[in-house]
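Commentary on secondary and tertiary structure
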Amino acid sequence: MSQQINLFNPIFLTQKKYFSVVTMLQALALIVLGSIVFYGYAWYQVQMLAKQTQEMTKRYEAEQKRLLDYASEFSPERSSRLLNEEVVNLEARAVAQQAMLDTLKGGAIGNTQGYSEYMRAFARQAVNGLWLTGFEINGDGAYISLKGAMTRSELLAAYIQRLNREPAMRGKSFSTLQVKEHKSVGEKAVVRPYTEFILQTSEDRGGEK
């Protein structure tokens, strides 16, 4: 006689584990939080890249502008234009200087030779016993005043005649003469007697400048 023993017991079966609602909500929250962190970091990276791109774009535009400026500055057209302007300026200056030179040569503004020729004339025609102590020349030489002294009065006439031979003194005539005698005092006077003189052309100083 056989007998079967039922050894099946439900408790020995593998039990299926099911997630609870709380666990699922926690997992979902972690997923959402991770997604937020990931997208936040990605957004930050995108913003940094955009900022770098803007800076690079500005630098590129600045370099392009500098390149264009250099190209414009050193272009053949600009160089030719600058050279033409410089030539025009130099020609205008040359014309102005030539006009001024012509005016000076024409004597339109008075004495253009200075007073050196008068001084040379006075020195060349020196007379022994007569000396100059000062002179005054105004304007173009229309008025001349000579101050000096002489040991003998006849020396002055000889001096004037010699001055009239000088080209600088042509056309000049002295019209005023002032003299003042200085006599020696005592028998043993060191200074010999002499006469001071002031010789002047016309008193009209219209040529004075």
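Higher on the page you've got the structure.
One structure accompanies this document, and this report is about it.

Rules used throughout
Residues numbered from 1 in each chain as written. Predicted model: local features only at pLDDT ≥ 70, side-chain atom pairs only at ≥ 80, totals over all residues. Heavy atoms only, no water. Phe/Tyr/Trp six-rings, centres within 6.5 Å; stacked < 30°, edge-to-face > 60°. Helix = DSSP H or I, 4+ residues; strand = E, 2+ residues; numbered from the N terminus. Buried < 20%, exposed > 50% of the residue type's maximum accessible area, 1.4 Å probe, protein only. Patch = residues over 30% accessible without salt bridge, like charges linked within 9 Å, V, L, I, M, F, W, Y side chains within 5 Å. Areas by Shrake-Rupley, 256 points an atom, 1.4 Å probe, with all protein chains shown as cover. Salt bridge = Lys/Arg side-chain N within 4 Å of Asp/Glu carboxyl O. Arc of directions from axis to C-beta. Contact = heavy atoms within 4.5 Å. Core = buried A, V, L, I, M, F, W, Y, C linked by side-chain atoms within 4.5 Å. Pairing = 2+ DSSP bridges.

Counted by the stated rule, this structure contains 3 aromatic pairs. With a centroid separation of 5.5 Å and 65 degrees between ring planes, the pair formed by F122 and F135 is classed as edge-to-face. With F122 in helix α3 (residues 116–124) and F135 in strand β1 (residues 130–138), the pair connects residues that are 13 residues apart, well separated along the chain. The buried category is assigned to F122, whose relative accessible area is 7%.

A few words now on a nonpolar patch on the surface. A cluster of nonpolar side chains, namely V21, L25, L28, V32 and I36, defines an oily patch on the protein surface of about 490 Å² accessible area. When you line up the elements, V32 lands in helix α1 (residues 21–73). By relative accessible area, V32 is classed as partly exposed at 42%.

Turning our eyes to something else, we now look at the pattern of salt bridges. Opposite charge on two side chains permits them to pair, given that their charged atoms come into close proximity. Enumeration over the complete set of coordinates arrives at 4 salt bridges. Here E166 ties to R124 by a salt bridge, and the two come within 2.7 Å at their closest N and O atoms. With a gap of 42 residues between them, E166 in the loop between α4 (154–163) and β3 (176–182) and R124 in helix α3 connect regions that are remote in the sequence. Looking at R124, the relative accessible area reads 46%, which means it is partly exposed.

Moving on, we come to α3. Buried residues of α3: Y118, A121 and F122, and no others. All buried residues of α3 project into a common sector of 95 degrees when viewed along the axis, lining one side. Lining the buried residues of α3 we find β1, β2 (143–150) and α4.

Time to look at α4. Listed in full, the buried residues belonging to α4 are L155, L156, Y159 and L163. Viewed along the axis of α4, the buried residues span an arc of 100 degrees, placing them on a single side of the element. Contacts made by the buried residues of α4 are with α3, β1, β2, β3 and β4 (194–200).

So, about the side chain of S145. Here S145 lies in strand β2. Sequence-distant contacts of S145, defined by excluding residues within four places in its chain, comprise G134, F135, E136, I198, L199 and Q200.

Of all hydrophobic cores here, the largest spans 17 residues; its most connected members are Y118, F122, L130, I144, L146 and Y159. Those elements that place two or more of their residues in this core are α3, β1, β2, α4 and β4. Broken down by element, this core gets its largest block of residues, 4 residues, from α4.

This part is about the pairing of β4. Of the pairings in the sheet, the one linking β2 to β4 comprises 6 bridges and is antiparallel in character. Within the sheet, the bridge partner assigned to S145 lies in β4 and is Q200. For β3 and β4, the ladder comprises 7 bridges, and the chain directions are antiparallel. Across the sheet, T176 pairs through a bridge with Q200, a residue of β4.

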